[in-house]
Amino acid sequence: MNGKNDFRLRAFVLMLSVLLIVILPCVTRANTNSSNAKRNMVYVQILNYAMPVVKATSFNEDDMAENGFSISQTALQMIGLNLNSPISVLGREVAFLGLNDLSSKDKPNVDFNQFKLDDKQVSKEADNSQPNSNENLNLENKVVNLYDPKLKKAINTNKPEVLIYHTHTSESYKPGNPISTDNTQNVVAVGDVLVNELQTNYGISAINDKTVHDKEAYTQSYARSVVTLDKYLDKYKDFKLIIDLHRDSVDDKKAITAKLNEENVAKISFVMAKKNPHFDKNMALANKMIQTSDKLFPGFCRGVIYYNYGTRYFNQDRSNNAVLIEVGADINTSDEAKASAKYIARIIAECLNR
């Protein structure tokens, strides 16, 4: 009997060793590209699950908050179930509905909120195709009044009113890689256009900080970006609006794109931390921007995604005027994201200058 138990124990240890040492590292490499392999924490979380001491000594809650891997979810995905996609679950369990057989144009137009903080760290394989920013997505064109000369005022060069920074600085768009330090194509480029629009057309002094916060130890991006934010708060005390500008990760381009004045533009959304002590005032400002967007540019804003704590409150505990804005997704082109900045600038000008 003891011999059988010893054999079973040795077999179990052998299987566990193969899982931890051989299979999981391969899975990790298979699910990342070379530009962000260091960001995949699947292997780390398996170790944390099996050996809690590793987690206690090496990683804190912020490391885990920015990574969406879970053992249970991975196990479900191995049998074809994805809890982030209710249609896939229904399609498997109620096969006679034929949901899994629908072509993309026939699928129900339902938004199941695909915002996930980890989507940026486990990016899709690079797609180097050259999409046309005006490609036909069968979007309804809306003719809107973009500029209002009455909103322009004399600019105050001594005290900036708007601060833009980027916790995930390397988030980027097509036609390049989804993770890129090319500041002519990534979210920094969107910030540049936004600053130019605010200052040129509305007399609103603005800063677009280009500090890279996500290159090393991605899961500590917010810990680094808050240092940048605090530097500006120490110097200027506060701003009328602070934007942490990101981009989302979404598969359905039609859901994340609008057509305004015959131009494809990336839609925007807000991400807010409800347990943040400044939430009420932050949310009042976000609601004002959303209501303005809905009035001027219907369909341009996708709404709000709420988290209780997020990661370090997404730094929104530093000011009454802090918001996180997602501009489009990795499936959008850089031109579409930059075009959005013109409409965001008008929304900001309405809220600050009207």
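Predicted model, so just to flag it, every value in this text is computed and none were measured.

A. Representation of helix α8 (residues 221–236) within the structure. Helix length check: α8 (16 residues) gives 23 Å between terminal C-alpha atoms against 22 Å at 1.5 Å per residue, within 8%. Considering only its buried residues, α8 is in contact with β2 (162–165), β3 (206–208), β4 (241–248) and β9 (322–329). Among the residues trailing α8, K237 stands out with phi positive, at a value near 75 degrees.

B. The arrangement of the packing of helix α7 (residues 187–202) against helix α10 (residues 334–353) in detail. Running from N to C, α7 and α10 point in directions that differ by 45 degrees, and their axes come no closer than 8 Å. As the angle between them shows, α7 and α10 are arranged oblique. Seen from above, α7 lies across α10 with right-handed handedness. From α7, A189, V190, V193, L194, E197, L198 and Y202 reach across to α10, where they touch A337, K338, A341, K342, I344, A345, R346, I348, A349 and N353. Class assignment of the residues belonging to the contact of α7 with α10 gives a composition of 12 nonpolar, 1 polar and 4 charged.

C. Summary view of the confidence of the model for the protein. Per-residue pLDDT for the protein averages 78, and the proportion of residues at 70 or more is 64%. Contacts of residues 27–41 to residues separated by more than four positions or lying in other chains number 32 contacts, the stretch itself having pLDDT below 50. The low-confidence segment residues 52–65 (pLDDT under 50) makes 23 contacts with residues lying over four places distant or belonging to another chain.

D. Spatial organisation of a nonpolar patch on the surface. Together, L9, F12 and V13 give the surface a local cluster of nonpolar side chains, amounting to about 300 Å² of exposed area. Here L9 is to be found in helix α1 (residues 2–30). Judged by its relative accessible area of 52%, L9 is exposed.

E. Structural detail: α10. The end-to-end C-alpha distance of α10, which contains 20 residues, comes to 28 Å, matching closely the 28 Å that a straight helix rising 1.5 Å per residue would cover. Within α10, 18 of the 20 residues are buried, leaving the element largely enclosed by the surrounding structure.

F. Spatial organisation of unusual backbone geometry. Following K174, the chain continues to P175 via a peptide bond in cis, the omega torsion being 10 degrees. Mapping P175 onto the fold places it in the loop between β2 and α7. Unusually for a residue other than glycine, R312 sits at a positive phi of about 55 degrees. Examined against the element boundaries, R312 turns out to sit in the loop between β8 (301–307) and β9. Residue F314 is not a glycine yet carries a positive backbone phi of 55 degrees. Mapped onto the fold, F314 is located in the loop between β8 and β9. On the basis of relative accessibility, which here comes to 2%, the residue F314 falls in the buried class.

G. Broad picture of the side chain of N186. For N186, the position within the fold is in the loop between β2 and α7. Relative accessible area serves as the criterion here: at 0%, N186 is assigned to the buried category. Within polar-contact distance, the side chain of N186 engages the backbone nitrogen of V188 at 3.0 Å.

About the thresholds
Residues numbered from 1 in each chain as written. Predicted model: local features only at pLDDT ≥ 70, side-chain atom pairs only at ≥ 80, totals over all residues. Heavy atoms only, no water. Helix = DSSP H or I, 4+ residues; strand = E, 2+ residues; numbered from the N terminus. Expected span 1.5 Å × (residues − 1). Contact = heavy atoms within 4.5 Å. Axes fitted to C-alpha atoms, helices over the stretch in contact; angles between N-to-C directions. Parallel < 35°, antiparallel > 145°, perpendicular 65-115°, else oblique. Left-handed = near helix turned anticlockwise from the far one by under 90°. Nonpolar A, V, L, I, M, F, W, Y, C, P; charged D, E, K, R; others polar. pLDDT = per-residue confidence, 0-100. Patch = residues over 30% accessible without salt bridge, like charges linked within 9 Å, V, L, I, M, F, W, Y side chains within 5 Å. Areas by Shrake-Rupley, 256 points an atom, 1.4 Å probe, with all protein chains shown as cover. Salt bridge = Lys/Arg side-chain N within 4 Å of Asp/Glu carboxyl O. Buried < 20%, exposed > 50% of the residue type's maximum accessible area, 1.4 Å probe, protein only. Polar contact = N/O pair within 3.5 Å; in protein donor to acceptor, adjacent residues only side chain to side chain.

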